[in-house]
Amino acid sequence: MPRIYTDLSPHDFEVLVRDLLQAKLGVRMETFPQGRDGGVDVRLHRGGREELIVQCKHSPGKTYAQIKSNLESEAKKIGDRFKCKYMLVTSASLTRRNKEEIAQLFSGVQLSPEDIYGVNDLDNLLQLHPEVETRNFKLWITSSAVLEFLMHSELHRRSENLVDSIVRRRKFYVHSEAFPASLEILDDHQVCIISGQPGIGKTTLAETLLVKLLADGWQVHVASEDISDIERIWNPAEKQAFLYDDFLGQTSLLDKLNKNEDSRIAQVIERVHRSQNKRLIMTTREYILQQAEQIHEPLHRLSALRDGKILLNLGHYTRHQRAQIFYNHMHFMNLGDAAVQSVINNKRYRAIVDHANFNPRIIELVTKNFKRSNQEGADFYEYLAGALHNPKDLWEQIFQNQLGEAERIILLILATVGEKIHLSDLHIALTEYEKANFGSARASLHDLKRALKKLEGTFVTLNSNARLSDATNGIHPDNPSTLVALANPSFIDYVRAYLASRPEEISQVSRGCAFFEQAETLANWELGVDPLLFMAANAFFGTSATGWKGTRIPQLAAGQQTLVMQALVRLMDANSCYWMRDHSSGHALIRQSFTDRERHLAILRLDNKHNRTLLRDEVLQIMAEALEARLSHEISEMSVVPEIPLLRYLSLYSKLKSMVTVTRDITASRMAEHLEHPDDFRNILSLYELKDIPESAQSRLLEASLRDRFAEFAPRWSREEADRVNDVTDCEVAIADLEQAIEAFDVSEKLDASPLHARLAFLREEFEETEGGWVDYQDDEIEGGDIPLSAPKYPQPVNAPTTDPVDDLFDTLTC
């Protein structure tokens, strides 16, 4: 299998050679930096003496003629200083005659043609020792066969952006124990949840795992919307691997989890664990996962998650891994000799590697944008050090000083959209912003495309081959469309903090909203506690708050809420700018539909946040009439239940009392026709407990009847469910549902769920005996789920170098 060694740095190449020789010879070998010991890159030191010296020459794609002069200089430099066996390994292409000539050049040392390895010899060793290639994932993924397979796989057709991201970022991959540790978790438990702080590398690790599974013959799928994506494509007969990135959302749980999705996530995790031909990889921000376990009962009950058996926490990088991340960006980004020298001088790279704010995402952002800053190469160290010291300065320097007004407006629009947006919709949003704030549209579609090209990579991603279907707007799936999205999620964090101190710009953004989702984003920023926003404020503005719970970072200044509300009302009936998968017509995306209920609820949430002072009476009347009309025509309980939150909000408005009372009674009557689950009873009872809705003769009769029916229903349902459930999680969920209803009706002394409790005890015992449950973790495995990236794969050599390995690594940049 031909491999592409170009994507290896000199350090990567030395590590590869060391690992191959260790596998071939069965001994532990040491790695040294180029230039420090003159001709020694790898050595075998045993019994107090050197037995083998290895020189590495990383020259991928070159011929002997192209590297001959360099070899001649190297041969003269080392002369006859080494008396032990000598080897030379290069990534260049060598013939047998080339090797003989090289042996003659190095006549002062014990170098025979058989101990000179070229690229073909390396490929052969990798075939003999495939475990080395697995550990050196960066080499494995750059093999031409893997790249060809990846680019023409079903995954590429379904998730082109994901594949492109993997291929584009492969050079910067840094091997750590997280990769084999996560593979081990998948082998043992079939599920691996990768958690960590923003920018720590969760998605990169998940992507590499997915590619490994793809190459091993697994069908791989990416869940893009919710857990139902996995449920829809589940095939019991196939080897399937699933990736669900940011499965709890990027900002808060409320943004991501749909109705009952917490239970469905728990069920899918259990289901995958019991299926040997399934693998599930999930990622989430660490603090959101902690919230989820506290807020969502089904996730809290999931013992595998609670005990950390399926959890890999990317809590930190070792110092050497941080150095490798920085080194790779310095080596591959072609910043120029002056920039490299600014970091190497006085070993200033140490300050970067050891900085408390070191983050792979910041390193990537700085190295990508340094050239655009038009600063001299010699200033690179100061530029990077400043960015680490205060990330706010980095974003502000790029956002405010390096971008034009149109580009900044585009990014503000994208931050309010938050999702992928069609190019034409983005142009509509840009035009609306310009008309609202400047009196006329100024940017043509051509101007927009030109601005996006400048923003591409650092700020935005462009998918020009998206398949969209929207007959109303003349978009056909046979004609590829362009979707635009923010490339860096942390930019949204910055925009929130940026707008928080600029009320005039919030006003401009509010007036210029073209889609309801934009105004809703601004409203959501204003609502409740947002832990991610708190973290962003700490990072960007050094806020003195000590914790996010109970603390709120203001997003809208006084008076801004009115402008946002005006935008929400103005756009109540506007088309959505979001796209969703259409499972009925292949892989095309369709424009997301919306309901009056969802949009009215978003509006009422903001109004109630501000003591019901923002909405006009005529708008409230429209909402109440629309709700009554829907409930008068609904025929199923499932379509009635989602209306309850809206009814609760409307009940708070005194002018709607009589209308809401009638609507409440209609709703309760319709729901009482379908009482098949404890939640059905709880939902109706909650309507009678709304203190702001007056009691009526009909409601009194209905509530009394409901209580009688529940007393008869509960014991029967417990028995029937106990006979039905064959799954621990399903049984736990059933118990919780019934006990919550019993508590709501205040009849805990009269009713119980004993049949279900007995069934649960039986299922737990049976599961642990037949399946091993979640208790099959070996004693020698790492407990608690927090697998440190510093855990060594092998014991350290007895005669390890005494120099700083970070110095050794960066010394190779000077060669």
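In this report, the structure presented in the accompanying data block is examined. The structure displayed is predicted, hence computed values, not measured ones. (Residues numbered from 1 in each chain as written. Predicted model: local features only at pLDDT ≥ 70, side-chain atom pairs only at ≥ 80, totals over all residues. Heavy atoms only, no water.)

### Looking at the overall build of the chain
Item 1. Looking only at helices and strands, the chain has 41 helices and 16 strands in total.
Item 2. Counting every position in the chain, which comprises 815 residues, the buried fraction comes to 56%. (Helix = DSSP H or I, 4+ residues; strand = E, 2+ residues; numbered from the N terminus. Buried < 20%, exposed > 50% of the residue type's maximum accessible area, 1.4 Å probe, protein only.)

### Overview of the pattern of salt bridges
Side chains that carry opposite charge are capable of pairing whenever their charged atoms lie near each other.
Item 1. With the rule as written, the count across this model stands at 35 salt bridges.
Item 2. A salt bridge links R597 to E643, with the nearest nitrogen and oxygen atoms 3.5 Å apart. Taken together, the positions of R597 in helix α32 (residues 596-609) and E643 in the loop between α34 (637-640) and α35 (644-650) put the pair 46 residues apart, joining distant regions of the chain. We note that R597, like E643, is buried.
Item 3. If you follow the salt bridges from partner to partner, you end up with K57, E74 and K77 in one network. (Salt bridge = Lys/Arg side-chain N within 4 Å of Asp/Glu carboxyl O.)

### A closer look at the sheet that holds strand β7 (residues 219-222)
Item 1. The five strands lie next to each other as β7-β8-β9-β6-β10, forming an open sheet whose pairing is parallel. Only two strands of the sheet have a single partner each, and these edge strands are β7 and β10 (311-314). Put simply, the sheet's adjacent strands are angled 15° from each other on average, direction ignored.
Item 2. Of the strand pairs in this sheet, strand β8 (residues 240-244) and strand β9 (residues 278-285) are connected by five bridges, and their pairing is parallel. The residue bridging Q240 from the neighbouring strand is K278, located in β9.
Item 3. Against the sheet, helix α11 (residues 202-215) contacts β6 (191-196), β7, β8, β9 and β10, and its axis sits at roughly 170° relative to β9. (Pairing = 2+ DSSP bridges. Axes fitted to C-alpha atoms, helices over the stretch in contact; angles between N-to-C directions. Contact = heavy atoms within 4.5 Å.)

### Concerning helix α19 (residues 337-344)
Item 1. Those residues of α19 lying buried are A339, V340, S342, V343 and I344.
Item 2. Downstream of α19 by a residue or two, N346 has a phi angle that is positive, lying close to 55°.

### Considerations on the packing of helix α24 (residues 405-417) against helix α29 (residues 516-526)
Item 1. Packing of α24 against α29 leaves a shortest axis separation of 7 Å and a crossing angle of 75°. Taken together, the axes of α24 and α29 are roughly perpendicular relative to one another. Two secondary-structure elements touch here, α24 through I413, A415, T416 and V417 and α29 through E517, Q518, T521, L522 and W525.
Item 2. The class makeup of the residues in the contact of α24 with α29 is five nonpolar, three polar and one charged. (Parallel < 35°, antiparallel > 145°, perpendicular 65-115°, else oblique. Nonpolar A, V, L, I, M, F, W, Y, C, P; charged D, E, K, R; others polar.)

### Focus on the pairing of β9
Item 1. Taking burial as the measure, the eight residues of β9 include eight buried ones, the bulk of the element.
Item 2. Alternating positions in β9 separate into two faces, K278, L280, M282 and T284 on one and R279, I281, T283 and R285 on the other, with burial throughout.
Item 3. Pairing between β6 and β9: six bridges, direction parallel. Paired with S195 across the bridge in β9 is T284.

### Here we look at the sheet that holds strand β12 (residues 460-466)
Item 1. With antiparallel pairing, the three strands of this open sheet are ordered in space as β11-β14-β12. Pairing within the sheet leaves two strands with one partner each, and these edge strands are β11 (421-422) and β12.
Item 2. Where β11 and strand β14 (residues 481-486) come together, two bridges link them in antiparallel fashion. Each bridged residue has a counterpart across the sheet, and for H422 the counterpart in β14 is L483.
Item 3. Packed on one face of the sheet, α24 meets β11, β12 and β14 and runs near 85° to β14.

### Considering the environment of R97
Item 1. Summarising the element assignment, R97 is placed in helix α3 (residues 96-105).
Item 2. The sequence separation of R97 and P113 amounts to 16 residues, and the corresponding C-alpha distance is 8.9 Å.

### What to know about the packing of aromatic side chains
Item 1. Under the criterion given, the structure shown has 15 aromatic pairs.
Item 2. When the ring of F370 is compared with that of Y383, the centres are 5.3 Å apart and the planes differ by 65°; the resulting orientation is edge-to-face. Separated by 13 residues along the polypeptide, F370 in the loop between α21 (360-369) and α22 (380-389) and Y383 in helix α22 bring together distant segments of the chain.
Item 3. The class for F370 is buried, based on a relative accessible area of 2%.
Item 4. Centroid distance F710 to F713: 6.4 Å. Interplanar angle 35°. Geometry classified as tilted. A residue pair is termed a helical-turn pair when its members lie 3 or 4 positions apart in one helix, as F710 and F713 do in helix α38 (residues 697-724) at three residues. Neither residue differs from the other here; F710 and F713 are each classed as buried. (Phe/Tyr/Trp six-rings, centres within 6.5 Å; stacked < 30°, edge-to-face > 60°.)

### Notes on the nonpolar core
Item 1. If you look at the biggest cluster of nonpolar residues, it comprises 144 residues, and the most contacted ones within it are F326, F380, L411, L615, L650, F710 and F810.
Item 2. Element by element, the count of residues in this core is highest for α24, at eight residues.
Item 3. F810 has contacts with A323, F326, Y327, I344, Y349 and V353, leaving out every residue within four places of it along the chain.
Item 4. Judged by nonpolar contacts, the second largest core, of 23 residues, contains Y173, A206, V220 and L312. (Core = buried A, V, L, I, M, F, W, Y, C linked by side-chain atoms within 4.5 Å.)

### Considerations on the pairing of β6
Item 1. Where burial is concerned, most of β6 is hidden: six out of the six residues are buried.
Item 2. Taken together, the four bridges between β6 and β10 define a ladder with parallel strand orientation. Bridge pairing in β10 links I194 to L312.

### Focus on unusual backbone geometry
Item 1. Not every positive phi belongs to a glycine, and N611 is a case in point at roughly 60°.
Item 2. Mapped onto the elements, N611 comes out in the loop between α32 and α33 (617-633).
Item 3. Residue classification places N611 among the exposed positions, given a relative accessible area of 61%.
Item 4. One non-glycine residue, R612, lies in the positive phi region at around 55°.
Item 5. Mapped onto the elements, R612 comes out in the loop between α32 and α33.

### With respect to the packing of α24 against helix α26 (residues 445-455)
Item 1. Interhelical geometry of α24 versus α26 gives an angle of 80° and a closest axis separation of 10 Å. With respect to each other, α24 and α26 are oriented roughly perpendicular. Of α26, the residues touching α24 (which contributes E407, I410 and L411) are L448, A451, L452, K454 and L455.
Item 2. Along the lines of polarity and charge, the residues of the contact of α24 with α26 split into six nonpolar, no polar and two charged.

### Observations regarding the environment of S705
Item 1. By secondary structure assignment, the location of S705 is in helix α38.
Item 2. Residue classification places S705 among the partly exposed residues on the basis of a relative accessible area of 35%.
Item 3. For the pair S705 and A672, spaced 33 residues apart in the sequence, the C-alpha separation amounts to 9.6 Å.

### Overview of α22
Item 1. Among all positions in α22, only F380, Y381, Y383, L384, A387 and L388 are buried. Seen end-on, α22 carries its buried residues on one side only, within an arc spanning 165°. (Arc of directions from axis to C-beta.)

### A short note on the environment of A471
Item 1. Topologically, A471 is positioned in the loop between β13 (468-469) and β14.
Item 2. Residues A471 and I590, spaced 119 residues apart in sequence, show a C-alpha to C-alpha distance of 9.4 Å.

### Notes on the side chain of S59
Item 1. If you trace the backbone, S59 turns up in the loop between β3 (49-57) and α2 (64-78).
Item 2. Residue class for S59 comes out buried when judged on its relative accessible area of 13%.
Item 3. Those residues in contact with S59 that sit more than four places away from it in its chain are I67, T90, S91 and A92.

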